[in-house]
Amino acid sequence: MTDLEKILAAIPKKPIPIIDSQFSFDVYTPLDLSVSNTSLEHYNITTPAGCQEYIDTVLAASKAKVAYGGYLEQRNLYANTPSFNSASDFVRNIHLGLDVWAPIGTPIITPMDGKVHSFKNNTTAGDYGPTIILEHSVNNVIFYTLYGHLSISSLEQLYVGKEFKQDEILAEMGAPEINVNYAPHLHFQIIKDLQGNFGDYPGVSSKADIDYYSKNCPNPNLLLSIGV
Ligand SMILES: [Zn+2]
């Protein structure tokens, strides 16, 4: 076990909120956007409206209000995004974060104490749009959490080094026009080594690189314990 894995393993296994507490955990439902989910054939999930239509169906069927999931999920969601695609094993379609799907403007809550490492509006199609990276230090181990697909205003009062306590409002979910063309959701990712990145880090890996990325980006649910 790495130092970060030990820290995550020591966190009590009770759910930690990452979005507004108006959504209690009993209105969460898992969402499967993987290539093996044949229900997706009836929806064009590469568009925000088509993806939202499928999510709304899943939410209605389970009387839920929030959908979540996606760590190491292989997806077709990026099939229309040229920057993600090249040959076979190098196609970037394996998702490295946990997505939480909820309405535009939903407040995002800091899951553990941290300070702003960096932030940026990543505006390339298929990217994160407004993004915040927090730095955490536990038992002298430094690691990072990334929050993507935010609103523009989420970045307005920020500065590098700004501290956030657990349960404090960090940001809010952006609209498709701002989050670079996705149904509204938070992309949450844990990162050990940022590899020199600033306000950005890959959220999707190719099969060829997944060994490295799955180690560098452990399961976000080791921290959040949502639905486990
Ligand atoms: Zn995501």
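Each value, and the rule that gives it
Residues numbered from 1 in each chain as written. Predicted model: local features only at pLDDT ≥ 70, side-chain atom pairs only at ≥ 80, totals over all residues. Heavy atoms only, no water. Helix = DSSP H or I, 4+ residues; strand = E, 2+ residues; numbered from the N terminus. Polar contact = N/O pair within 3.5 Å; in protein donor to acceptor, adjacent residues only side chain to side chain. Pairing = 2+ DSSP bridges. Contact = heavy atoms within 4.5 Å. Axes fitted to C-alpha atoms, helices over the stretch in contact; angles between N-to-C directions. Phe/Tyr/Trp six-rings, centres within 6.5 Å; stacked < 30°, edge-to-face > 60°. Buried < 20%, exposed > 50% of the residue type's maximum accessible area, 1.4 Å probe, protein only. Donors = N, O, S within 2.8 Å, 3.2 Å for Na, K, Ca; no water. Tetrahedral: all angles 85-135°; square planar, octahedral: opposite > 155°, others 65-115°. Arc of directions from axis to C-beta.

K.L.:
Got a minute to help me understand the side chain of Asp-99 in this structure?
P.N.:
Residue position: Asp-99 is located in strand S4 (residues 98-101). Within the structure, Asp-99 has its side chain in polar contact with the side chain of Arg-75 (distance 2.9 Å).

K.L.:
When you look at the environment of Ser-36 in this model, what are you seeing that I'm missing?
P.N.:
With respect to the element layout, Ser-36 can be found in the loop between strand S1 (28-30) and helix H2 (48-61). Distance in space between the C-alpha atoms of Ser-36 and Gln-74 is 8.5 Å, their sequence separation being 38 residues. Side-chain polar atoms of Ser-36 contact the side chain of Ser-34, separated by 2.9 Å.

K.L.:
Please explain the sheet that holds strand S6 (residues 114-122) as it appears in this structure.
P.N.:
What links the strands of a sheet is backbone hydrogen bonding, and the strands pair in either a parallel or an antiparallel sense. If you trace the 8 strands from one edge of the open sheet to the other, you get S1-S2-S4-S11-S8-S7-S6-S9, paired in mixed fashion. Edge positions in the open sheet fall to S1 and strand S9 (163-164), since each of these has one partner strand only. Contacts between helix H1 (residues 3-10) and the sheet are confined to strand S7 (129-138), strand S8 (141-148) and strand S11 (185-191), with S8 contributing the most and set at about 70° to the helix.

K.L.:
Just to check I follow, could you spell out the packing of aromatic side chains for this structure?
P.N.:
In this description, a pair of aromatic rings is defined by centroid distance and the angle of the planes. One pass over the structure, following the stated rule, counts 6 aromatic pairs. On the basis of an interplanar angle of 45° and a centroid distance of 5.0 Å, the ring pair of Phe-25 and Tyr-28 is categorised as tilted.

K.L.:
Any chance you could explain unusual backbone geometry here in plain terms?
P.N.:
Peptide bonds are mostly trans, and most non-glycine residues show a negative phi. One non-glycine residue with positive phi stands out, namely Asp-167, at about 80°. Of note, Asp-167 is situated in the loop between S9 and strand S10 (169-172). Notably, Val-180 is not glycine yet its phi reads approximately 65°, a positive angle. Taking the relative accessible area as the measure of exposure, Val-180 reaches 12% and is therefore buried.

K.L.:
Honestly, the side chain of His-187 in this entry has me stumped. Any pointers?
P.N.:
By secondary structure assignment, the location of His-187 is in strand S11. Apart from the residues lying within four places of it in its own chain, the contact partners of His-187 are His-95, Gly-97, Leu-98, Asp-99, Tyr-128, Leu-146, Tyr-147, Gly-148, His-149 and Gly-203.

K.L.:
Help me out: how do you make sense of the coordination of the zinc ion in this one?
P.N.:
With distances of 2.1 to 2.8 Å, the protein atoms coordinating the zinc ion are His-95 (NE2), Asp-99 (OD), Asp-99 (OD) and His-187 (ND1). Note that the zinc ion binds 4 donor atoms; their angles at the metal cover 51 to 152°, and the shape is irregular. Sequence spacing among the residues donating to the zinc ion works out to H-x3-D-x87-H. Of this pair, His-95 sits in strand S3 (residues 92-95) while His-187 sits in strand S11; the two residues are 92 residues apart in sequence, bridging distant segments of the chain. A relative accessible area of 1% places His-95 in the buried class.

K.L.:
So what exactly am I meant to see when it comes to H1 here?
P.N.:
Leu-4, Ile-7 and Leu-8 are the residues of H1 that are buried. Axial view of H1: buried residues confined to an arc of 95°, hence all on one face. Those residues of H1 that are buried lie in contact with S7, S8, S11 and helix H4 (221-224).

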